[in-house]
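# Residue-level structure breakdown
Residue-level listing of the chains:
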Amino acid sequence: MNLKILLKILRRILYMLKKWKLYWIVTVIFMLLSGCVTPPSQTQTGSMPDAVSSAILHPQNLSAGDRYTPELGNSGYDIQHYILKLDLIPGRRSLNGEVTIAAVATMEELKQISLDFIGFDVQTVAIDGLPAPFFRNKTKLIINLPGSFSTNQAFQIAVQYRGAPPKDRSKYQDYLDYLGLQATGDLLYVASEPDGARNWFPCNDHPRDKATFRFELTVPEGYTGIANGALSEARIGSTPDRPESKTTDFFVWEHRFPMATYLATIAAGKYVRLETVSPKGVLLRHYIWDKYRKDFETNSASIGEALDWMSEKFGAYPFEEFGYTLIKAKKKWALETQANVLVDREFIREKVLVHEMAHMWFGDWVSLDSWQEMWRNEGFATYVQLLWEYRDKPAALDKEMETEIKYPPKGFFPLGEPPHKYLFDRFVYNKGTLFVHDLRKTMGDEAFFRGLRLYFKRFGGRTATDADFRIVMEEAAGISLEDLFKKWLK
Ligand SMILES: [Zn+2]
């Protein structure tokens with residue numbers, strides 16, 4: 001078509017749109033189609049952004065880039081540190097929160113960022129201390145930056161919010177009805193794996209963006225606030241910025257090791273703190289209830305030895321202290337929340353405690369670069385649990401697994417490609433465990449454990465892919481493991 005005629009037609013269309021005041025309809029339809037906004041009923045806005053600034057964020061910045069979970073995470077920046085100031089009322093599935101994030105831009109001309117966040121009312125958003133325009137869709141909080149940031153530019157994000165998240169089921173698991181805040185009895189805690197951290201604080205919700213954390217928890221008097229890391233302050237009867245309040249207790253927890261968001265945890269309840277040390281001197285601190293004390297002490301009697309034993313096998317325990325916090329869940333579960341494992345009170349078994357401890361290395365210290373590779377988390381944690389159980393009779397373990405590794409179970413999906421809702425299926429745990437055993441037998445013990453120590457040394461504090469893992473193990477084995485990986489993962 002002749003360019004002149006085309007321009008004439010375009011001008012005519014623009015004129016008609018203007019005449020019928022249809023500009024805004026076209027703009028909204030375009031934004032809906034491009035996924036930038038959700039319909040008004042689901043959108044929350046703070047100081048209305050203009051149409052130009054709301055459309056800056058490229059869809060690729062609304063993802064960490066994991067093709068298995070494209071809706072999770074955000075790019076364009078890297079979070080270094082979170083400060084979570086939370087007011088918690090045990091038994092109530094809601095909170096008042098203020099999250100301060102230290103981040104660094106990872107691209108040029110960064111003008112807008114997004115955080116994963118579901119539910120709650122966002123009251124204010126500030127960038128470097130100044131109010132910033134923001135808007136929301138169902139799963140993202142999108143913030144306009146005051147100007148164009150360049151690579152390596154540091155900035156601070158502060159979000160104040162309150163309320164509760166919706167009770168939406170995660171598409172990656174159907175065991176729990178919903179993730180995020182969980183309130184039972186006079187207890188409040190969280191369940192976040194794999195995509196539930198965004199259901200209790202605004203974050204970059206993918207293991208690819210790990211950060212250090214500080215938690216400042218205010219709870220009613222007589223309750224204990226618990227989180228990851230080390231308890232650095234406990235004030236009974238007051239909260240610092242509310243000196244007039246005599247009815248609150250205040251707890252500060254600090255975790256100075258990189259942590260994925262799904263491993264961040266909080267719990268508020270009436271707990272008893274138990275303290276001991278492992279034979280090699282790692283502080284073990286647990287939060288339990290007297291009613292379960294005997295059960296806990298019986299099942300955790302060898303936990304210190306197990307921690308030192310794992311340190312010998314995989315490299316020193318990566319964090320500064322370790323322990324378990326009991327919860328009352330509707331169903332039995334435990335979760336490898338970093339350095340402070342949550343365990344349902346009906347699930348206090350040595351093998352569960354050891355399994356979650358193994359995750360401190362497999363999943364926490366080195367995390368999955370893609371959730372699709374779940375076998376590496378659960379296959380190893382389950383296998384380490386067996387290695388511990390059979391530590392005095394290794395031949396019996398070999399015998400038990402001898403036939404099974406010859407004929408890998410088929411299942412209805414390849415181990416390396418679990419459908420979303422089967423991400424935590426027993427098959428992933430069991431077949432993953434058999435794979436690890438076959439790998440160990442193929443490499444021999446010396447190379448196998450040397451390879452694992454090298455893997456933690458090389459990728460500790462970060463994420464790794466199956467390919468990264470294979471390269472390290474091949475380096476230690478001095479042979480190609482390609483066929484073995486294919487045999488188990490395809
Ligand atoms: Zn596990």
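Just so you know, these numbers come straight off a predicted model, no measurement behind them.

### Considering the confidence of the model for the chain
- Confidence along the chain averages 91 in pLDDT terms, with 88% of residues attaining 70 or more.
- The low-confidence segment residues 48-53, where pLDDT is below 50, has six contacts with residues more than four positions distant or belonging to other chains.

### Focus: the coordination of the zinc ion
- Ligation of the zinc ion by protein atoms is provided by His355 (NE2), His359 (NE2) and Glu378 (OE), these donors lying 2.0 to 2.1 Å from the ion.
- In primary-sequence terms, the residues that donate to the zinc ion follow H-x3-H-x18-E. Here His359, found in the loop between α6 (350-358) and β23 (366-368), pairs with Glu378, found in helix α7 (residues 375-389); they are 19 residues apart in sequence, far enough to count as distant.
- Overall, the relative accessible area of 0% leaves His359 in the buried class.

### As for the pairing of strand β10 (residues 180-184)
- Most of β10 sits inside the fold, with five of its five residues counted as buried.
- As defined by bridge partners, β10 adjoins strand β11 (residues 187-191) across five bridges and the pair is classed as antiparallel. Bridging from a neighbouring strand, Gln182 pairs with Tyr189 of β11.
- Taking the residues between adjacent antiparallel strands as the criterion, β10 and β11 are bridged by two residues, where Gly185 takes a positive phi near 55°.

### Observations regarding the sheet that holds strand β5 (residues 121-127)
- Sheet architecture is open: eight strands sit in the order β6-β5-β9-β3-β2-β12-β15-β14, paired in mixed fashion. Either end of the sheet is taken by a strand with one partner, and the two such strands are β6 (130-131) and β14 (230-235).
- Strand direction decides the pairing type here: strand β12 (residues 211-220) and strand β15 (residues 248-259), joined by nine bridges, are antiparallel. Residue pairing across strands places Thr218 opposite Phe250, the latter belonging to β15.

### So, empty space enclosed by the protein
- All told, the structure shown has one cavity of 30 Å³ or more when counted by the stated rule.
- Considered as a void within the structure, the largest cavity measures approximately 40 Å³ in volume.
- Taken together, Phe362, Gly363, Val366, Leu368, Arg376, Asn377, Phe380 and Tyr455 make up the lining of the largest cavity.
- Sorting the residues of the lining of the largest cavity by element identifies β23 and α7 as the ones contributing at least two each.
- Per element, the largest residue contribution to the lining of the largest cavity is three residues, and it comes from α7.

### Quick notes on the pattern of salt bridges
- Here the structure, examined in full by the defined rule, presents 25 salt bridges.
- For Arg293, the salt bridge is made with Glu297, and the minimal N-O distance between the two is 3.5 Å. Taken together, the residues span about one helical turn, with Arg293 and Glu297 both in helix α4 (residues 293-299) at a distance of four residues.
- Judged by its relative accessible area of 39%, Glu297 is partly exposed.
- In the salt-bridge network here, residues are joined through shared partners; they are Arg214, Glu216 and Glu254.

### Comments concerning the sheet that holds strand β16 (residues 266-269)
- The four strands are arranged β10-β11-β16-β13 in an open sheet whose pairing can be described as antiparallel. The strands lining the two open edges of the sheet, one partner per strand, are β10 and β13 (224-227). Strand-to-strand twist across the sheet, computed as the mean angle between neighbouring axes with direction ignored, equals 20°.
- In this sheet, β16 lies alongside β13 in antiparallel orientation, the contact comprising four bridges. Its bridge partner lying in β16, Ile226 is registered against Ala267.

### Here we look at α7
- Compared with an ideal rise of 1.5 Å per residue, which puts 15 residues at 21 Å, α7 spans 20 Å between its outermost C-alpha atoms and is within 8% of the ideal.
- Counting buried positions over the 15 residues of α7 gives 14, a clear majority of the element.

### Considering the pairing of β5
- Of the strand pairs in this sheet, β5 and strand β9 (residues 154-163) are connected by six bridges, and their pairing is antiparallel. What sits directly across from Val125, in β9, is Val159.
- Bridge count between β5 and β6: two bridges; the pairing is antiparallel. Within β6, the residue paired with Ala126 across the bridge is Pro131.
- Hairpin connection between β5 and β6: a loop of two residues separates the two successive antiparallel strands, and Asp128 in this loop has a positive phi of roughly 50°.

### Here's the deal with the layout of surface pockets
- Volume-wise, the largest pocket comes out at about 760 Å³.
- As for the largest pocket, its lining consists of 30 residues, of which Trp333, Ala334, Phe424, Arg426 and Tyr429 are closest to the centre.
- Of all elements in the fold, only β21 (334-335), α6, α7 and α9 (426-443) reach the threshold of two or more residues within the lining of the largest pocket.
- Ranked by residue count, the leading element in the lining of the largest pocket is α6, at four residues.
- Residue composition of the lining of the largest pocket, by class: 13 nonpolar, seven polar and 10 charged.

### Considerations on the side chain of Thr337
- Checked against the element boundaries, Thr337 lands in the loop between β21 and β22 (341-344).
- Engagement of the side chain of Thr337 in a polar contact is seen with the backbone oxygen of Asn340, the distance being 2.6 Å.
- Those residues in contact with Thr337 that lie beyond four places of it in its chain are Asn228, Tyr262, Leu263, Ala264, Thr265, Leu342, Met360 and Asp364.

Conventions adopted
- Residues numbered from 1 in each chain as written.
- Predicted model: local features only at pLDDT ≥ 70, side-chain atom pairs only at ≥ 80, totals over all residues.
- Heavy atoms only, no water.
- pLDDT = per-residue confidence, 0-100.
- Contact = heavy atoms within 4.5 Å.
- Donors = N, O, S within 2.8 Å, 3.2 Å for Na, K, Ca; no water.
- Helix = DSSP H or I, 4+ residues; strand = E, 2+ residues; numbered from the N terminus.
- Buried < 20%, exposed > 50% of the residue type's maximum accessible area, 1.4 Å probe, protein only.
- Pairing = 2+ DSSP bridges.
- 1 Å grid on protein atoms, 1.4 Å probe; cavity = no way out; pocket = protein on both sides within 12 Å on 5 of 7 lines; lining within 4 Å.
- Points joined across faces, edges and corners; volume = space filled by probe spheres on them.
- Salt bridge = Lys/Arg side-chain N within 4 Å of Asp/Glu carboxyl O.
- Axes fitted to C-alpha atoms, helices over the stretch in contact; angles between N-to-C directions.
- Expected span 1.5 Å × (residues − 1).
- Nonpolar A, V, L, I, M, F, W, Y, C, P; charged D, E, K, R; others polar.
- Polar contact = N/O pair within 3.5 Å; in protein donor to acceptor, adjacent residues only side chain to side chain.

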